[in-house]
Amino acid sequence: MSATRPAWRGFRHALLLAAAVVLAGCATVDTERDLAPVQKAATDHLGKSLAWPQTDAARDEVSKRVADLLVKPLDADAAVQVALLNNRGLRAAFHDLGIADADLVQAGRLPNPGFAFARKTQGSAVEIERLFVFNIAHLIAMPLTIELESRRFDQTQRLVTQQMLALAAQTRQAYYLAVAADESLRYQRQVMAAAEAAAELSRRMAEVGNWNRLQ
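Everything quoted here is computed from the prediction, not taken from an experiment.

*Asks:* Before we move on, can you summarise the overall build of the chain with the specific residues and values?
*Replies:* For the chain, the helix and strand inventory stands at six helices and two strands. The helix and strand sequence of the chain, counted from the amino end, reads α-α-α-α-α-β-β-α. A separation of at least 24 residues holds for 69% of the contacts in the chain among residues at least 6 apart in sequence. A total of about 15,000 Å² of accessible surface is found on the chain, and carbon and sulfur atoms cover 58% of it.

*Asks:* Residue-level account of the packing of helix α2 (residues 31–46) against helix α5 (residues 88–107), with values.
*Replies:* For any two helices packed against each other, one specifies the inter-axial angle together with the distance between the axes. Taken N-terminus to C-terminus, the directions of α2 and α5 make an angle of 130°; their axes are 9 Å apart at the nearest point. For the element pair α2 / α5, the angle class is oblique. The crossing of α2 and α5 is right-handed. The segment α2 lies against α5, with R33, D34, L35 and V38 engaging F94, L97, G98 and D101. Here the residues of the contact of α2 with α5 are counted per class, giving four nonpolar, one polar and three charged.

*Asks:* Describe the nonpolar core, with residues and values.
*Replies:* In globular proteins that are soluble, nonpolar side chains generally tend to be buried together. Grouped together as the largest cluster of nonpolar side chains are 20 residues, with contacts concentrated most on V38, L50, L84, L90, F94 and M164. At the level of elements, α2, α4 (76–86), α5 and α6 (136–207) are the ones that each hand at least two residues to this core. In terms of residue count, α5 provides more of this core than any other element does, six residues in total. Within the second largest apolar cluster, five residues are counted, among which are A51, V66, V82 and L85.

*Asks:* Now, about the environment of G108: what can you tell me, with residues and values included?
*Replies:* As for its placement among the helices and strands, G108 is situated in the loop between α5 and β1 (114–122). A sequence separation of 34 residues divides G108 from M142, and the C-alpha atoms of the two residues are 6.9 Å apart.

*Asks:* Can you break down the environment of L144 residue by residue, with the values?
*Replies:* For L144, the position within the fold is in helix α6. A relative accessible area of 52% places L144 in the exposed class. For the pair L144 and A107, spaced 37 residues apart in sequence, the C-alpha separation works out to 9.4 Å.

*Asks:* Give a detailed account of the packing of aromatic side chains, specifying residues and quantitative values.
*Replies:* Per the stated rule, a full pass over the model turns up two aromatic pairs. The interplanar angle of 40° and the centroid separation of 5.8 Å between the aromatic rings of W52 and F94 together place this pair among those described as tilted. Highlighted residues: W52 in the loop between α2 and α3 (56–71) and F94 in helix α5, separated in sequence by 42 residues. With respect to class, W52 is no different from F94; both count as buried. Taking 5.6 Å as the distance between ring centres and 75° as the angle between the ring planes, the aromatic pair formed by Y175 and Y176 counts as edge-to-face.

*Asks:* Help me get a handle on the pattern of salt bridges, residues and values and all.
*Replies:* Counting across every chain of the model gives 11 salt bridges. In this structure, D44 and K40 form a salt bridge, with 2.7 Å as the shortest nitrogen-oxygen distance. With D44 and K40 both in helix α2 and four residues apart, this pair spans about one turn of that helix. The partner of E200 in a salt bridge is R203, with the nearest N and O atoms 2.4 Å apart. Taken together, the residues span about one helical turn, with E200 and R203 both in helix α6 at a distance of three residues. A relative accessible area of 28% means that E200 is categorised as partly exposed.

Parameters at a glance
Residues numbered from 1 in each chain as written. Predicted model: local features only at pLDDT ≥ 70, side-chain atom pairs only at ≥ 80, totals over all residues. Heavy atoms only, no water. Helix = DSSP H or I, 4+ residues; strand = E, 2+ residues; numbered from the N terminus. Contact = heavy atoms within 4.5 Å. Areas by Shrake-Rupley, 256 points an atom, 1.4 Å probe, with all protein chains shown as cover. Axes fitted to C-alpha atoms, helices over the stretch in contact; angles between N-to-C directions. Parallel < 35°, antiparallel > 145°, perpendicular 65-115°, else oblique. Left-handed = near helix turned anticlockwise from the far one by under 90°. Nonpolar A, V, L, I, M, F, W, Y, C, P; charged D, E, K, R; others polar. Core = buried A, V, L, I, M, F, W, Y, C linked by side-chain atoms within 4.5 Å. Buried < 20%, exposed > 50% of the residue type's maximum accessible area, 1.4 Å probe, protein only. Phe/Tyr/Trp six-rings, centres within 6.5 Å; stacked < 30°, edge-to-face > 60°. Salt bridge = Lys/Arg side-chain N within 4 Å of Asp/Glu carboxyl O.

So, in structure tokens, the structure goes:
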């Protein structure tokens, strides 16, 4: 009886350690947390909101917001908001952000431990050994791995923020170029109409003899 108590105590300690390992690996990806710095930059610099829909209902809500904006005549601010909500490239960047977060979470998770049992027989005596197997090399390298993945995640956040701000600037520029092109087209149409009216007047003046053919 006394021989089995130390073995059971060691086995119980192994179970407690395994539970600690499982709890250490409970971190999960949080898309709202991932997007928070990018959303703050959009709010502070642009006064606009972002959306990273994860469900069909959320995607429908974003589509409704875009449709509501497009019903009214667009100004530069509305065009920027539509781009931030509906640009596929920006959404792909959000997914890159989620992947970087998933890699960071994975780096902080300990590998699953293993248990092994060995049965030794010596004469009529039978001894059962219980072994707790754990990847020590992974545990030693974990702080460095977490630091590297954390830096990569922060870099991805900065890149996504820059991409979002660049998209807003490009959209605003494209809007003003489109407005300028529209105004130029209207002016050219007015010039064309004036030229056609002048040509018609000249034809009528020539018909009644007020102008000769050369004029």
